[in-house]
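Overview (structure and organization)
Next come the chains, spelled out residue by residue.
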Amino acid sequence: MSSSSRWPAGPRRVLVVGIDGVRLDLLPELNTPHLDAVAAAGFLAPVEVDDATPTMSGPCWATIATGVTVAKHGVWGNHLGGNRLDVFPDFTTRLAAVHHRRTFAAGGWEPLFLARQGGPLFAAPGRLSYIAPLEDTPEDWEVCDERVTAEAVTVLAGDDDPQASFVYLGAVDETAHFLGCGAEYRRSIEAADARLGRLLAALRARPGYADEEWTVIVVTDHGHVDAGGHGGRSAQERTAWVAACGPGLVPGGAVLPVRHVDVAAQVFAALEIVPDPHWTLDGRPFTPAAELVPQA
Ligand SMILES: [Zn+2]
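Read on for a plain summary of the structure. (Residues numbered from 1 in each chain as written. Predicted model: local features only at pLDDT ≥ 70, side-chain atom pairs only at ≥ 80, totals over all residues. Heavy atoms only, no water.)

Quick look at the coordination of the zinc ion
Tetrahedral coordination by four donors puts the ideal angle at the metal at 109.5 degrees, and octahedral coordination by six puts it at 90 or 180 degrees. Looking at the zinc ion, the protein donor atoms are Asp20 (OD), Asp20 (OD), Ser57 (OG), Asp221 (OD) and His222 (NE2), and they sit 1.9 to 2.8 Å from it. The motif formed by the donor residues of the zinc ion, counted along the single chain, is D-x36-S-x163-D-H. Taken together, the residues span a long stretch of sequence, with Asp20 in the loop between β1 (12–19) and α2 (33–41) and Asp221 in the loop between β6 (213–219) and α10 (235–238) at a distance of 201 residues. Neither Asp20 nor Asp221 differs from the other in exposure class; each is buried. (Donors = N, O, S within 2.8 Å, 3.2 Å for Na, K, Ca; no water. Helix = DSSP H or I, 4+ residues; strand = E, 2+ residues; numbered from the N terminus. Buried < 20%, exposed > 50% of the residue type's maximum accessible area, 1.4 Å probe, protein only.)

Here it is, written out as structure tokens:
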């Protein structure tokens, strides 16, 4: 095989890191240098979970991964059954099947990656790493996220050379459900940020990094009430966020309002792929506010 066929897709690459259940309002109090670095190189913006979407992990991650709303993907809860993900697949599956790109997805929550609970959301990425927590406890989820991170570092550094990746970290959400949004929750967010740092370091350590153009998107699905828990319509539960940097995004620049459906649109745009209109994506790429037409 020639080297050109091993590296077929040009310099663009995308890494999406999904951190479940991180409250936006607590971030300023926390030590999250790696998320701060992504935000400084691009932006960090609130995302409001729309009125039609339950503030639950299943529907929110489905919207993030597919770029269409619940009305299309049909994931209404944490059991994903009855969905239309065959018609509206996640971006790792779409890019692999239609665009012959190498893609990768990793994490420890079953319905995202396994044929369990109506899943998987990430149906057919080029490479898939499901790493189970031993039990659904905060401690076991920290171990799980640690192993997911180590696995992703290996894959991102290796010969697979995925052009688009999704890495899921679930310990923060588990901690809130068990212990509320107190000290342990805050420590878990900081641990997730340290894992983000290791993923970013893995990109920078790639032999070809200087010639590559990486887009990094960090996203959460929903918030939590103070006591831990979500699914309702309070501002704390509905407020999610996205941070991103990469080609076309202005460092520190404001962006037009960002929605969960925009994440997949940004993934395609970052890879310079124009979505087929038949996909009927509901999102649009992140748009710097500077591109607004000035008002007369
Ligand atoms: Zn969640």
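Some details on the side chain of Glu142
Along the chain, Glu142 turns up in helix α7 (residues 138–157). We classify Glu142 as buried; its relative accessible area is 19%. For Glu142, the residues in contact, after removing those within four places along its chain, are Ala171, Thr175, Ser188, Ala191 and Arg195. (Contact = heavy atoms within 4.5 Å.)

Here we look at the sheet that holds β6
Judged by pairing direction, the sheet is mixed, and its seven strands sit side by side in the order β2-β7-β6-β1-β5-β3-β4 without closing on themselves. Each having just a single partner strand, β2 (43–48) and β4 (127–130) make up the two edges of the open sheet. Going across the sheet, the axis of each strand differs from the next one's by a mean of 15 degrees, ignoring polarity. Pairing analysis gives four bridges linking β6 to strand β7 (residues 239–245), with the strands arranged antiparallel. The residue bridging Val216 from the neighbouring strand is Cys245, located in β7. Running at roughly 65 degrees to β7, α2 makes contact with β2, β6 and β7 of the sheet. Along the sheet, helix α5 (residues 91–99) makes contact with β1, β3 (103–107) and β5 (164–169), crossing β5 at roughly 155 degrees. (Pairing = 2+ DSSP bridges. Axes fitted to C-alpha atoms, helices over the stretch in contact; angles between N-to-C directions.)

Considerations on helix α11 (residues 261–270)
In an α-helix, one turn spans 3.6 residues, which is why side chains three or four residues apart end up on the same side. A large share of α11 lies buried, amounting to nine of its ten residues. Burial in α11 covers these residues: Val261, Asp262, Val263, Ala264, Ala265, Gln266, Val267, Phe268 and Ala270. At the exit of α11 stands Glu272, carrying a positive phi of roughly 60 degrees.

Section: the packing of α2 against helix α9 (residues 183–204)
One way to put it is that α2 packs onto α9 with a least axis distance of 7 Å and a crossing angle of 60 degrees. Taken as axis vectors, α2 and α9 run oblique relative to one another. Touching Pro33, His34, Leu35 and Val38 of α2 are Asp193, Ala194, Leu196, Gly197 and Leu200, all from α9. By residue class, the composition of the contact of α2 with α9 is six nonpolar, two polar and one charged. (Parallel < 35°, antiparallel > 145°, perpendicular 65-115°, else oblique. Nonpolar A, V, L, I, M, F, W, Y, C, P; charged D, E, K, R; others polar.)

A short note on the pattern of salt bridges
Taken as a whole and assessed by the stated rule, the structure comprises 19 salt bridges. Note that Arg116 and Glu110 form a salt bridge whose closest N and O atoms lie 3.4 Å from each other. On the accessibility criterion, Arg116 (44% relative accessible area) is partly exposed. Note that Arg127 and Asp160 form a salt bridge whose closest N and O atoms lie 3.0 Å from each other. (Salt bridge = Lys/Arg side-chain N within 4 Å of Asp/Glu carboxyl O.)

A few points about unusual backbone geometry
With an omega of 5 degrees, the peptide bond running from Gly119 to Pro120 counts as cis. Even without a glycine there, the phi angle at Gln117 is positive, about 50 degrees. Examined against the element boundaries, Gln117 turns out to sit in the loop between α6 (110–113) and β4. Residue Glu272 is not a glycine yet carries a positive backbone phi of 60 degrees. Among the structural elements, Glu272 can be located in the segment after α11.

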